[in-house]
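One-letter residues, chain by chain:
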Amino acid sequence: MHELSRDTCRRLARAMQAALQIPEGDALVFVIGRGTELSNLSALETWVRETLPQFEEEYSQAVLPHLLERLERTLNQWGAA
């Protein structure tokens, strides 16, 4: 599993805050954070850090059949040569 840097999580959180027009403040701390964050941005950062690994696992499972198909095609091309 790929470990995201704190800067990457912060940038993603800032982008999401801007895209969804989430205001400054701390209303999201108990909704999506751990309850210890001091701001909506920090809560978003926590949420991103904890949610992305779940997507990574789901995407890797979804892409497996496509990778297997591509590998078989590649191996068959080498076998035909």
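Residues numbered from 1 in each chain as written. Predicted model: local features only at pLDDT ≥ 70, side-chain atom pairs only at ≥ 80, totals over all residues. Heavy atoms only, no water.

J.: Let's hear about a nonpolar patch on the surface: which residues, and what values?
T.: A contiguous nonpolar patch, built from Val63, Leu64, Leu67 and Leu68 and spanning about 340 Å² of accessible area, is present on the exposed surface. Along the chain, valine 63 falls in helix H3 (residues 40-80). (Patch = residues over 30% accessible without salt bridge, like charges linked within 9 Å, V, L, I, M, F, W, Y side chains within 5 Å. Areas by Shrake-Rupley, 256 points an atom, 1.4 Å probe, with all protein chains shown as cover. Salt bridge = Lys/Arg side-chain N within 4 Å of Asp/Glu carboxyl O. Helix = DSSP H or I, 4+ residues; strand = E, 2+ residues; numbered from the N terminus.)

J.: Before we move on, can you summarise the side chain of glutamate 37 with the specific residues and values?
T.: Assignment of secondary structure puts glutamate 37 in the loop between helix H2 (29-32) and H3. Separated by 3.1 Å, the side chain of glutamate 37 and the backbone nitrogen of glycine 35 make a polar contact. At a separation of 2.8 Å, a polar atom in the side chain of glutamate 37 contacts the side chain of threonine 46. Contact partners of glutamate 37, with chain neighbours within four places excluded, come to Val29, Ser42, Ala43 and Thr46. (Polar contact = N/O pair within 3.5 Å; in protein donor to acceptor, adjacent residues only side chain to side chain. Contact = heavy atoms within 4.5 Å.)

J.: Account for helix H1 (residues 6-19), with residues named and values stated.
T.: Between its first and last C-alpha atoms H1 spans 20 Å; for 14 residues at 1.5 Å apiece the expected length is 20 Å, and the two agree. When we look at burial in H1, the residues that qualify are Cys9, Arg10, Ala13 and Gln17. End-on, the buried residues of H1 take up no more than an arc of 100 degrees, which puts them together on one face. For H1, the exposed residues lying more than 90 degrees away from the buried face are Asp7, Arg11, Ala18 and Ala19. After H1 finishes, the residue glutamine 21 shows a positive phi value of roughly 50 degrees. (Expected span 1.5 Å × (residues − 1). Buried < 20%, exposed > 50% of the residue type's maximum accessible area, 1.4 Å probe, protein only. Arc of directions from axis to C-beta.)

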